Amino acid sequence: MGWEALENECKSCHKCALGDTRTNCVFGTGSRTAELMFVGEAPGEQEDLSGTPFVGRAGKLLDQFLDAVDIPREKVYIANILKCRPPQNRDPSPAEEEACIGYLYEQMRLIRPKVIVCLGRIAAMKLIKPDFRITKEHGEWFLKGDHLMTAVYHPAYLLRDPRKKEDMLTDMKRLRAKLDEMN
Ligand code: URA
């Protein structure tokens, strides 16, 4: 499937009940030839209203960390495990993840990024391994099929616990070094 068909299918999706409550499907944004892809959990309120991932407070913090290591946001691709907002931003259910994950896999297949960074525990558990421990394993590298993957703290978590920002900066610097090493 190509980009247009995939995006159209996603935008009219009703594979789960979140299709009934969304304002917008948040498909993903950025470069479709990106070497680096970020995957979050699910859209929040601002994302649901705008149709763009990571534009709320957590998104602004993500932007700061991208800036800190000189990674232009427009050069990466940013998407989520779920394309529609769960009510009250609750965690995605396993059934919602199963219904939606095919869209992300197609995005990964089309982009073929060298590196995928999971933003937070939920994405890491879905893409890296079900028992992923974010406090212990953030910043570690995992080879999954053709993709080199890592996970960092979710920016929304950093807003709640700013002491973890130091670890986030270390992980982002390690990511920058890995990209430099690959090019
Ligand atoms: N949190 C996420 O996981 N994704 C978004 O797009 C916004 C906030």
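See the structure shown above.
Presented here is an overview of the structure given in this document. (Residues numbered from 1 in each chain as written. Predicted model: local features only at pLDDT ≥ 70, side-chain atom pairs only at ≥ 80, totals over all residues. Heavy atoms only, no water.)

What about the packing of aromatic side chains?
Inference 1: Taken as a whole, this structure holds 4 aromatic pairs when the rule is applied.
Inference 2: Here the aromatic rings of tryptophan 3 and tyrosine 77 are separated by 5.7 Å at their centres, their planes lie at 40°, and the arrangement is tilted. Of this pair, tryptophan 3 sits in helix H1 (residues 3-11) while tyrosine 77 sits in strand E3 (residues 77-80), and the two are 74 residues apart along the sequence.
Inference 3: For tyrosine 77, a relative accessible area of 1% corresponds to the buried category.
Inference 4: Among the aromatic residues, ring-to-ring pairing joins Trp3, Phe27 and Tyr77 into one connected group. (Phe/Tyr/Trp six-rings, centres within 6.5 Å; stacked < 30°, edge-to-face > 60°. Helix = DSSP H or I, 4+ residues; strand = E, 2+ residues; numbered from the N terminus. Buried < 20%, exposed > 50% of the residue type's maximum accessible area, 1.4 Å probe, protein only.)

Quick look at the nonpolar core
When a protein is soluble and globular, its nonpolar side chains tend to lie buried together.
Inference 1: Leu36, Met37, Phe38, Leu104, Leu127 and Leu175 are the most contacted members of the largest nonpolar core, which totals 54 residues.
Inference 2: No other element matches helix H5 (residues 94-111), which puts 6 residues into this core.
Inference 3: When residues no more than four places from it in sequence are discounted, the contact partners of leucine 36 are Ile71, Val76, Tyr77, Pro113, Val115, Val117, Leu175 and Leu179. (Core = buried A, V, L, I, M, F, W, Y, C linked by side-chain atoms within 4.5 Å. Contact = heavy atoms within 4.5 Å.)

What to know about the site of the ligand
Inference 1: Within the structure, the ligand sits among Gly40, Glu41, Ala42, Glu47, Pro53, Phe54, Asn80 and His154.
Inference 2: Contact between the ligand and alanine 42: a nitrogen atom at 3.0 Å from a main-chain N or O atom of the residue.
Inference 3: Here asparagine 80 contributes a side-chain N or O atom positioned 2.8 Å from a nitrogen atom of the ligand.
Inference 4: Compared with its free state, where it exposes 240 Å², the ligand has 92% of that area covered by protein.
Inference 5: Its residues placed into classes, the shell around the ligand shows 3 nonpolar, 3 polar and 2 charged. (Near = heavy atom within 4 Å. Polar contact = N/O pair within 3.5 Å; in protein donor to acceptor, adjacent residues only side chain to side chain. Areas by Shrake-Rupley, 256 points an atom, 1.4 Å probe, with all protein chains shown as cover. Nonpolar A, V, L, I, M, F, W, Y, C, P; charged D, E, K, R; others polar.)

What about the pairing of strand E6 (residues 147-152)?
Inference 1: Buried residues dominate E6, accounting for 6 of its 6 residues.
Inference 2: Neither face of E6 is left uncovered, since the one carrying His147, Met149 and Ala151 and the one carrying Leu148, Thr150 and Val152 both have all their residues buried.
Inference 3: Relative to E6, strand E4 (residues 115-119) runs parallel, the two being bridged by 5 bridges. Within E6, the position partnered with cysteine 118 by the bridge is alanine 151.
Inference 4: Where strand E5 (residues 142-144) lies against E6, 3 bridges are found, and the strand directions are antiparallel. (Pairing = 2+ DSSP bridges.)

Examining the pattern of salt bridges
Inference 1: Per the stated rule, a full pass over the model turns up 15 salt bridges.
Inference 2: Among the salt bridges present, the one from glutamate 7 reaches lysine 11, with a minimum N-O distance of 2.8 Å. Note that glutamate 7 and lysine 11 are positioned in helix H1 at a spacing of 4 residues, about one turn of the helix.
Inference 3: In this structure lysine 11 comes out as partly exposed when scored by relative accessible area, which is 43%.
Inference 4: The partner of arginine 73 in a salt bridge is aspartate 63, with the nearest N and O atoms 3.0 Å apart. With arginine 73 in the loop between helix H4 (57-68) and E3 and aspartate 63 in helix H4, this residue pair connects regions lying 10 residues apart in the sequence.
Inference 5: Look at aspartate 63 and you get partly exposed, because its relative accessible area is 25%.
Inference 6: What you see here is one network of salt bridges that share partners, running through Glu7, Lys11 and Arg32. (Salt bridge = Lys/Arg side-chain N within 4 Å of Asp/Glu carboxyl O.)

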